[in-house]
Amino acid sequence: MSDAFAAVDLGASSGRVVVGRFHDGTLELEVVHRFPNEPVRVVGTLHWDILSLYRGVLDGLAAAGPVRSIGIDSWAVDYGLIDADGALLGNPVHYRDARTDGIADRVKDLYDVCGLQKLPFNTVYQLIAAEPTAQYAAADRLLMIPDLLAYWLTGGIGAEYTNASTTGLLDVRTREWSWPLISELGLRARLLPPVRHPGDRIGLFGGTPVIAVGSHDTASAVVAVPAEGDDFAYISCGTWSLVGLELDAPVLSEESRAANFTNEGGVDSTIRYLRNVMGLWPLQECLREWGSPALPELLAAAAAEPGLAHVVDLDDPVFLPPGDMAGRLRERAGLPAGASHATIVRCILDSLALAQRRAVRQAQELAGRDVSVVHLVGGGALNELLCQLTADACGLPVLAGPVEATAIGNLLVQARAAGVVEGGLDAMRALVRQTQRIVRYTPAGSEQDWDAAAARAGR
Ligand code: LFR
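Per an unreviewed UniProt entry, the protein chain goes by the name Rhamnulokinase and belongs to Actinoplanes philippinensis. As recorded by UniProt, the Sequence similarities (unreviewed entry) comment attached to the protein chain reads in full: "Belongs to the FGGY kinase family."

The next thing to look at is the overall build of the protein chain. Helix and strand counts for the protein chain stand at 18 helices and 19 strands. At 21 Å, the protein chain has a C-alpha radius of gyration in line with the 23 Å of a compact globule built from 459 residues. Considered along the principal axes of its C-alpha atoms, the protein chain spans approximately 60 × 55 × 45 Å. Relative to its full complement of 459 residues, the protein chain shows a buried share of 51%. Partitioning the intrachain contacts of the protein chain with sequence separation of at least 6 by distance along the chain shows that 74% fall at a separation of at least 24.

The subject of this paragraph is the sheet that holds strand β19 (residues 439-441). Read from one edge to the other, the open sheet built from seven strands follows the order β15-β16-β14-β13-β17-β18-β19, with strand pairing classed as mixed. Single-partner strands in this sheet number two, and they are β15 (262-265) and β19. The mean inter-strand angle of the sheet, taken between neighbouring strand axes irrespective of direction, is 30°. Across three bridges, strand β18 (residues 398-400) lies against β19 in antiparallel orientation. Directly across from leucine 399, in β19, lies its bridge partner arginine 440.

A separate point is the pairing of strand β17 (residues 373-377). In terms of residue burial, β17 counts as a mostly covered element, since four of its five residues are buried. Pairing analysis gives five bridges linking strand β13 (residues 232-237) to β17, with the strands arranged parallel. Considered in β17, the bridge of phenylalanine 232 is made with valine 373. Examined bridge by bridge, β17 and β18 share three bridges and lie parallel to one another. Opposite leucine 376, over in β18, you have alanine 400 as the bridge partner.

In this section: the UniProt feature "domain: Carbohydrate kinase FGGY N-terminal" (unreviewed entry) in the protein chain. Sequence positions flagged by UniProt for "domain: Carbohydrate kinase FGGY N-terminal" (unreviewed entry) are, in local numbering, residues 67-204. With 30% helix and 15% strand, residues 67-204 has end C-alpha atoms that lie 12 Å from one another.

Among all residues save glycine, negative phi is the norm, and among peptide bonds the norm is trans. Residue proline 402 is reached from glycine 401 by a cis peptide bond, and omega for that bond is 0°. Of note, proline 402 is situated in the loop between β18 and α16 (405-417). Of note in the backbone geometry, aspartate 268 takes a positive phi value of approximately 60° without being a glycine. Here aspartate 268 shows up in the loop between β15 and β16 (271-277). Despite not being glycine, serine 269 shows a phi value in the positive range, around 60°. Within the element layout of this structure, serine 269 appears in the loop between β15 and β16. By the C-beta count within 10 Å, which is 12 here, serine 269 ends up exposed.

This paragraph deals with the pairing of strand β12 (residues 208-211). Taken together, the four bridges between strand β11 (residues 201-205) and β12 define a ladder with antiparallel strand orientation. The residue bridging leucine 204 from the neighbouring strand is proline 209, located in β12. Counting the residues in the hairpin turn of β11 and β12 gives two residues, including glycine 206, whose phi is positive at 55°.

Rules used throughout
Residues numbered from 1 in each chain as written. Predicted model: local features only at pLDDT ≥ 70, side-chain atom pairs only at ≥ 80, totals over all residues. UniProt positions renumbered as here; feature names shortened; annotations may be inferred. Helix = DSSP H or I, 4+ residues; strand = E, 2+ residues; numbered from the N terminus. Rg over C-alpha atoms; globule rule 2.2 N^0.38 Å. Buried ≥ 20, exposed ≤ 12 C-beta atoms within 10 Å, placed from the backbone. Contact = placed C-beta atoms within 7 Å. Pairing = 2+ DSSP bridges. Axes fitted to C-alpha atoms, helices over the stretch in contact; angles between N-to-C directions.

Structure, rendered in structure tokens:
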């Protein structure tokens, strides 16, 4: 058990518990439990099945055996409300639910306070949608998903900073809740628990410390980007592609607001300056609709299709909700009803590479920093066609991996809190470089072809 830690990492379609063992400069990972995350629609509203996720966490921690500590991360923005007895008031609502439709346009622009990109599902808009409900009236505290699970494990209450930074209610300059904004929006201050930081101890689960990590999965993933120096862009590529730079201070210019770039809080007081790109979600939805065909064959067929023949603007919010994804793609790309799966997959991956290119370029312009490499981490690093297309589109080398960046970032922050790993982000990244598989993709093809495709996608 000596230097073993358990990372709980919840993604949009599955959760996993990963044990990381640190020994003499090595890091060995073992996924000890995987469980599905299947949202449930109840009387029209899309919910997370939070008790089933908690069951998965408990089973995973049992399978992990003795560890020095536990850390939890998940997707951002979603929360549960608890009453004054600590009981959960209803199942957390999924950020892809339609309850926030139109709300962001009715609320004043918050960029100057929170520095966040305007996404329809930011916590602040979800809360405004929930405000008229009896459930909201009965609520005592709001707990973000990892904070809720940590509360169930330990009884400790708090709001981990990196995830709190995605709510829209945190002041990007002070890194504390913005009480003036919260009161101006008519929200109750009491709902928001004290902010805690990665490395803080939350409490004990059966004698094992639960440690706050970068509980926003993207914050943990960025910790494990195996970069040297600071002239790199990253793409944390899974259900979403989070594309941007790591900065010391937020960029709050009018150009940045107009480009919808976000300044999310990172581990060690960094700023994750990035934009959400639609990521692998359209592909995942198509695969679901098509009855989960074998992906390697489909990707090989997509690779053989002509490149950039059909592109869409994947950042269009029309692609956000679940359901009939292939139909929406065909309509936007002008493809016939009979278009093959391979054609649709190629359209998705070309369009994703194009959207990633746009975000990499804009981030550099808006932040005034040039990059020489793009690090692509997360599940998308397994998709060779996507990695090559991204290198081609950006005109930059892509270093792909690690695939399990989020779990690794979670483990590194715990190991540092325990004194097993020393130093800052540079030292943690050096350990990732030394221990994880990273594949290099060299850019090929013509920049003009990508420029022309960008124009056709309407961006
Ligand atoms: C990625 C992610 C993104 C966030 C989205 C919704 O898993 O956390 O960073 O914008 O999910 O929470």
